[in-house]
Structure formats: structure tokens, C-alpha cells
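# Descriptive structure summary
This is what each chain is made of:
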Amino acid sequence: MTNISRQPSAATYRTNSLIMLLLLLALAGLLAWASTRYPVIFDWTRTGRHTLANASISVLERIDGPVTVTSYAREQTDLRNAISKFMAKFQRVKPDIQFRFQNPDVVPDEVRALGISINGELVLQYQGRSGHIREADEGAFINALMSLSRGKETWVAFIEGHGERNPLGKANHDLGEWGQHLVNRGYRIHPLNLAEVNTIPDNTAVLVLAGPRVPLLEGETAMLLQYLQQGGNLLWLLDPDEMAMTQTISDYLNILVPQGTIIDVAGQLIGINDPTTTMVTTSLYGKHAALDGFSFTTLFPRAAALTITDTSNWTATPLLNTGDHTWLKTDPLDENSQFDQDKDQMGPLTIGLALERKIETSRAEAKQQKIIVVADGDFLSNRYISNSGNLDLGIRFINWLGDDEDLIDIPARIATDTQLTASPMIIGAAGIFFLLVLPLLLVLSGLTIWWRRKRS
């Protein structure tokens, strides 16, 4: 009896191949659908720039309830895609963040009512409160969300009416860029003309006095002294040439500003040719809560020195100091200014002070009063604020003065791994492998499979 083995026909092979192809396509489609419903993301970047910092995740996990975020962005694909990717990082941690786009050109009345000023501006709404951020910055978003969750508005009042630096101005000497960053982080900026009010508002968390050009009136000075006597917090950006106009305030704080300008020649090592620009590095910062973990270099153009004459009423901490290579030049400056042992004062010198004291309020409660005095207002001006850590330092000062030290500081994570650095030999070997060796291997593999099938 003969057994006849039946070989599958060519039609059977084709049918099986077609079924396998359809199954593979169905599997690929199923995986694609699952990836949209259950995304799995791996961030292999060196700085983890595509995922949130642990501090941000902790804040999001503490926020109870939904958050609505609206981006007022025009129909620009690149901008909207960038904002969508930015928001997706937060939605992966907190899925009940409801995000949508709104074209500002379609709702002009709504844009005016909300004060939208930038294409792509984000409006956050939480439990009936709202806040704005004007840049896709993780720290700004998280801090704005924290402020909304606490229900607390931090008002920063800037004295005006005497030629002070404008917190919303765009001139080189103004503070507009710094003021904008404060707004982005949830602070409320309020220009305050003391001639138009009877008293400084009680909800002022921080009062800023930034370089008046004419003397304050007697009544205005009395109002400022009353604010300080009641425990108000103050940031004084003191320009050396204003001392005659604010002598009463400096006397109350027991601060003395010796005449002269600090000379710092160390900046020439990094290309700063102006010796009147003082450079403060990590080792020159004082040990203080406002500077905890701060390590950026900061620059101060034409800074003066500060001394405190009486510490019986205040706890004084030097915040910003110069090196022992600096000196206070008392004579008029020229191109060849040299240290004069008979007239000049050798460093180290102090250009920034923190003053603290406990004071009894009208409610018989003890309050910690905080004051920071910096003998240079230029370091936060539009012209100089982008220098190294100047902006971060200014924000830290407001955080500490406004009792917002719990606001987190998330430094920008720079893309440091976008380029492959290798030796010419490795690059050449990789090129030969991918351009010659790998294609030849694929061709040989295909020929081998074809030859074996032909033999069978």
C-alpha cells in the first residue's frame, strides 16, 4: 500500500500568507489604538526635560479636584503643538486637568476682559479662582497652581511718582522684564503713588522702593515710616546717588552708605571690561534662607557699599559680598583708577543686607518683619537682568519677603544631549557600517533565502 503525501498547493500558500498579513496589520492597528489609550513614555534625555520634576509631581498630587486650562493661541500649528506637548506632561500626572485652545481673534471681548496680552497665554482656573502664565515654563505653571490652591494673592506694590524704576516699563533702566516674570509666577504688581493714598494698603505683602530721582514729600516719608513701624516688608533697591532723598529711611534702618563706587577687576577674566561692575560668586553669598541653594553668579553695575550702624533693633545678615580684591573708590573715576590706601576702603564689602525683627502687631501677635536692601538697582533693570543669575536672585528676594518660600524653584533644563560627540574614527566606522556593510548583509540575506527556496 502506497502513502501519497499531499503537498499544499500554491493557492494555499497565498491564502496563508494573506491571512498572516491581515493578522499582522490588525495587531499593528490594535497596538496603535492601545498606545493612544494607554501611553507609555520613556524619557531618555540626560536632563529629563520631557518629564516633570519630582517637586512638580508632588504638587500636582496634592491638588484636589479638576483644573481648567485655556490657551488663547491663534491657529498656528507649531505654537499649538508646542503648548499641547507642554500641557501633556501635566495631564499625564493629573488626568483631570481639562485643557483647550481658544482663538483670541474669535473672542475679542473675552480677551479684553481677561487682559490677555500674549499669543498662547494660559489661563488657569481652579475652584473659582484664576491665574495667568505667559510662558510655557514648568516652574511658572506649578507656582501659579499652588497660589490658586492656597487662595492667596501676593501683592507687590512699587512706589512711584518720584522717577522710580517702572515695574512695567520697557526702558533700559526700568524693571519691566523682572515685573513680568513676577506676574508669570502669580504675583500681583501694583504701582503705588503715595501722594494719592492715605496709607499703604494692608494687603501689601512687599513694598518696593526702586531708585527715586526726587525727594519724597514729608507726608510720603511719614507714610513709609508708618508702614515700616507696623512691620511691613520692604525691598529697597538703593542707587548710590539717592541717599540725600531717602536719608530718613536709612536712618530708621540704621544703614550707612559710604560715598564711592566699588571697583572689581576680577570681571576682566571673563570679558567684563568695566571695573565698576561687581561680580558676586557662590562663595560670596551670605548664609540666609533667601539664598538657600543659590549658586549662580550675579553682576551689579556701579554698586555701593552698605554698613549697618546699630544692630540692637534688627538682626542683620550680609547677603551679597565682594571679594578681598575689590575696593571702594571715593575719588571720581577715570580709566586708570587705582587703589589709594589713604582714601579708599579695601574689600571685602557688603552690597546687600537682610534685616529681620519680631514686631507686635495691632492684634497683639508677633510678626516677623523682613527687609532687604541692595546698594544697586541696576542689577534688576531690563538692561542687566539677563546676566547670569540676576533674574533668579530678584525672584528669590520677593519669595522670601512675601513669605512665599514654599514656592518651588525649578531651573530650566537645557538640552545638552542633542548632539553626538565622537572621534572621527568612530564616525567613519559608523558611516561605513550603515552605508556599506549593513546593505550588503541585507542583500546577501535576501539572496540566501531566495536560493534555499529555489532548491526546495
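Before reading further, recall that the structure is shown in the block above.
The sections below set out a description of the structure shown in this document. (Residues numbered from 1 in each chain as written. Predicted model: local features only at pLDDT ≥ 70, side-chain atom pairs only at ≥ 80, totals over all residues. Heavy atoms only, no water.)

What follows covers helix H7 (residues 218–229). Here H7 contains twelve residues, and its C-alpha end-to-end distance of 16 Å stays within 8% of the 16 Å for a straight helix at 1.5 Å per residue. Regarding H7, the residues found buried are Glu220, Thr221, Met223, Leu224, Leu225, Tyr227 and Leu228. Where H7 ends, the next residue or the one after it, Gly231, has phi of about 95°, a positive value. (Helix = DSSP H or I, 4+ residues; strand = E, 2+ residues; numbered from the N terminus. Expected span 1.5 Å × (residues − 1). Buried < 20%, exposed > 50% of the residue type's maximum accessible area, 1.4 Å probe, protein only.)

Attention now goes to the packing of aromatic side chains. Applying the stated criterion across every chain yields a total of nine aromatic pairs. Ring centres 6.1 Å apart and planes at 85° place the aromatic pair Phe86 and Phe141 in the edge-to-face group. One end of the pair, Phe86, is in helix H3 (residues 77–93); the other, Phe141, is in helix H5 (residues 138–150), and 55 residues separate them in sequence. When the ring of Phe99 is compared with that of Phe101, the centres are 4.9 Å apart and the planes differ by 75°; the resulting orientation is edge-to-face. Every member of this aromatic cluster is reached through a ring pair, and the members are Phe86, Phe90 and Phe141. (Phe/Tyr/Trp six-rings, centres within 6.5 Å; stacked < 30°, edge-to-face > 60°.)

With omega at 10°, the peptide bond leading from Gly347 into Pro348 counts as cis. Within the fold, Pro348 resides in the loop between strand E16 (345–346) and strand E17 (350–360). For Gln127, which is not glycine, the phi dihedral falls at a positive 50°. Counting through the fold element by element, Gln127 comes out in the loop between strand E3 (121–126) and strand E4 (129–133). For Gln127, a relative accessible area of 55% gives the class exposed. Not every positive phi belongs to a glycine, and Ser388 is a case in point at roughly 45°.

Before going further, it helps to spend a moment on the pattern of salt bridges. The tally for this structure, following the rule as stated, stands at eight salt bridges. For the salt bridge of Lys94 with Asp96, the shortest nitrogen-to-oxygen distance reads 3.1 Å. Residue classification places Lys94 among the buried residues on the basis of a relative accessible area of 5%. The class of Asp96 is partly exposed, set by a relative accessible area of 31%. Asp239 is the partner of Arg213 in a salt bridge, and the nearest nitrogen-oxygen pair spans 3.3 Å. (Salt bridge = Lys/Arg side-chain N within 4 Å of Asp/Glu carboxyl O.)

Two strands in a sheet stick together by hydrogen bonds in their backbones, pointing the same way (parallel) or opposite ways (antiparallel). Strands sit in the order E6-E5-E7-E8-E18-E17-E14 across an open sheet of seven strands; the sheet is mixed. Edge strands, defined here as strands with exactly one partner in the open sheet, are strand E6 (187–193) and strand E14 (315–321). Averaged over all pairs of adjacent strands, the angle between strand axes in this sheet comes to 20°, irrespective of strand direction. When E17 meets strand E18 (residues 366–374), the two strands line up antiparallel, connected through nine bridges. Residue Ala354 lies in a different strand from E18, and its bridge partner there is Ile372. On the sheet, helix H9 (residues 390–401) packs against strand E5 (154–160), E6, strand E7 (204–210), strand E8 (234–237), E14, E17 and E18 and is oriented at approximately 160° with respect to E18. (Pairing = 2+ DSSP bridges. Axes fitted to C-alpha atoms, helices over the stretch in contact; angles between N-to-C directions. Contact = heavy atoms within 4.5 Å.)

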